[in-house]
Amino acid sequence: MELVLKRIAKKKGYTIGKLYVKQPVIDEYLSGEKSIYICDTLEPQWRDYARGARKIKGKSAIPEGRYAVVITHSSKFKEWLPLLLGILNFSDVRIHAGNTVEDTQGCILVGENKEVGKVFNSRKYVKIVKQKIVEAKDKGEGVWIEIR
């Protein structure tokens, strides 16, 4: 399964995105993929690492790229949450609940972006994202997230 996070607003102090899941389309006339919108995302400020920007611990969005996703138990949050693997110079980057950039600490928050720089109903969307990952893993599929 492939998740896609498309960053749509790179603002001072925060980054808003949209999270999609790619679904294969196979019928007698067409084959390919379609992207299905899941929810909005909130991350810390985007930094242009390709042009020499530096990471600020807990206040920087992760670099664009494609990362493996697993679900592991978070001792910090005391629950099972998606964890992104293989991010250079970042560790313990999760998809979790929260409402403001102060809640991210470098992670990806999921929810509904109904107010500038915030997401709401994030616990609901964490459950949805976790369920999609579990279903893919139960089918023996790898799970990846591409961040653009």
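To start, this report covers the structure provided alongside it. Note that the structure is a prediction, hence the values are computed from the model and not measured.

Rules used throughout
- Residues numbered from 1 in each chain as written.
- Predicted model: local features only at pLDDT ≥ 70, side-chain atom pairs only at ≥ 80, totals over all residues.
- Heavy atoms only, no water.
- Helix = DSSP H or I, 4+ residues; strand = E, 2+ residues; numbered from the N terminus.
- Rg over C-alpha atoms; globule rule 2.2 N^0.38 Å.
- Buried < 20%, exposed > 50% of the residue type's maximum accessible area, 1.4 Å probe, protein only.
- Contact = heavy atoms within 4.5 Å.
- Areas by Shrake-Rupley, 256 points an atom, 1.4 Å probe, with all protein chains shown as cover.
- Lys, Arg positive; Asp, Glu negative; His and termini not counted.
- Charge placed at Lys NZ, Arg CZ, Asp CG, Glu CD.
- Pairing = 2+ DSSP bridges.
- Polar contact = N/O pair within 3.5 Å; in protein donor to acceptor, adjacent residues only side chain to side chain.
- Core = buried A, V, L, I, M, F, W, Y, C linked by side-chain atoms within 4.5 Å.

**Considering the overall build of the protein**
Phase 1 of the analysis: A tally of regular secondary structure across the protein gives 1 helix and 9 strands.
Phase 2 of the analysis: Overall, the protein shows an N-to-C arrangement of helices and strands of β-β-β-β-β-β-β-β-α-β.
Phase 3 of the analysis: The C-alpha radius of gyration computed for the protein amounts to 15 Å, which stays within 12% of the reference 15 Å derived for 148 residues, consistent with globular compactness.
Phase 4 of the analysis: Expressed along its principal axes, the backbone C-alpha trace of the protein runs to roughly 50 × 35 × 30 Å.
Phase 5 of the analysis: Counting all 148 residues of the protein, 41% fall into the buried class.
Phase 6 of the analysis: Put simply, 48% of the contacts in the protein that link residues at least 6 apart link residues at least 24 apart.
Phase 7 of the analysis: For the protein, the accessible area works out to roughly 8500 Å², and carbon and sulfur atoms hold 51% of it.
Phase 8 of the analysis: Of the side-chain charges in the protein, 28 are positive and 18 negative, and the distance between the mean point of each set is 7 Å.

**Focus on the pairing of strand β1 (residues 2-11)**
Phase 1 of the analysis: The pairing of β1 with strand β2 (residues 14-26) spans 9 bridges and is antiparallel. The residue of β2 that forms the bridge with Lys11 is Tyr14.
Phase 2 of the analysis: Strand direction decides the pairing type here: β1 and strand β9 (residues 144-147), joined by 4 bridges, are parallel. Opposite Leu3, over in β9, you have Ile145 as the bridge partner.

**A word on the pairing of β9**
Phase 1 of the analysis: Going residue by residue along β9, you find Ile145 and Ile147 tucked away on one face and Trp144 and Glu146 left uncovered on the opposite face.
Phase 2 of the analysis: Strand direction decides the pairing type here: strand β4 (residues 65-74) and β9, joined by 4 bridges, are antiparallel. In the strand pairing of β9, Gly65 is matched with Ile147.

**Overview of the side chain of Glu43**
Phase 1 of the analysis: Along the chain, Glu43 falls in strand β3 (residues 31-43).
Phase 2 of the analysis: Separated by 2.8 Å, the side chains of Glu43 and Arg7 make a polar contact.
Phase 3 of the analysis: Residues in contact with Glu43, not counting those within four places in the same chain, are Leu5, Arg7, Tyr14, Thr15, Ala61, Ile62, Val101, Thr104, Cys107 and Ile108.

**A closer look at the nonpolar core**
Phase 1 of the analysis: Core analysis: the biggest nonpolar cluster contains 26 residues, and Leu19, Ile62, Leu84, Ile145 and Ile147 have the highest contact counts within it.
Phase 2 of the analysis: The element that contributes the greatest number of residues to this core is helix α1 (residues 122-138), accounting for 5 residues.

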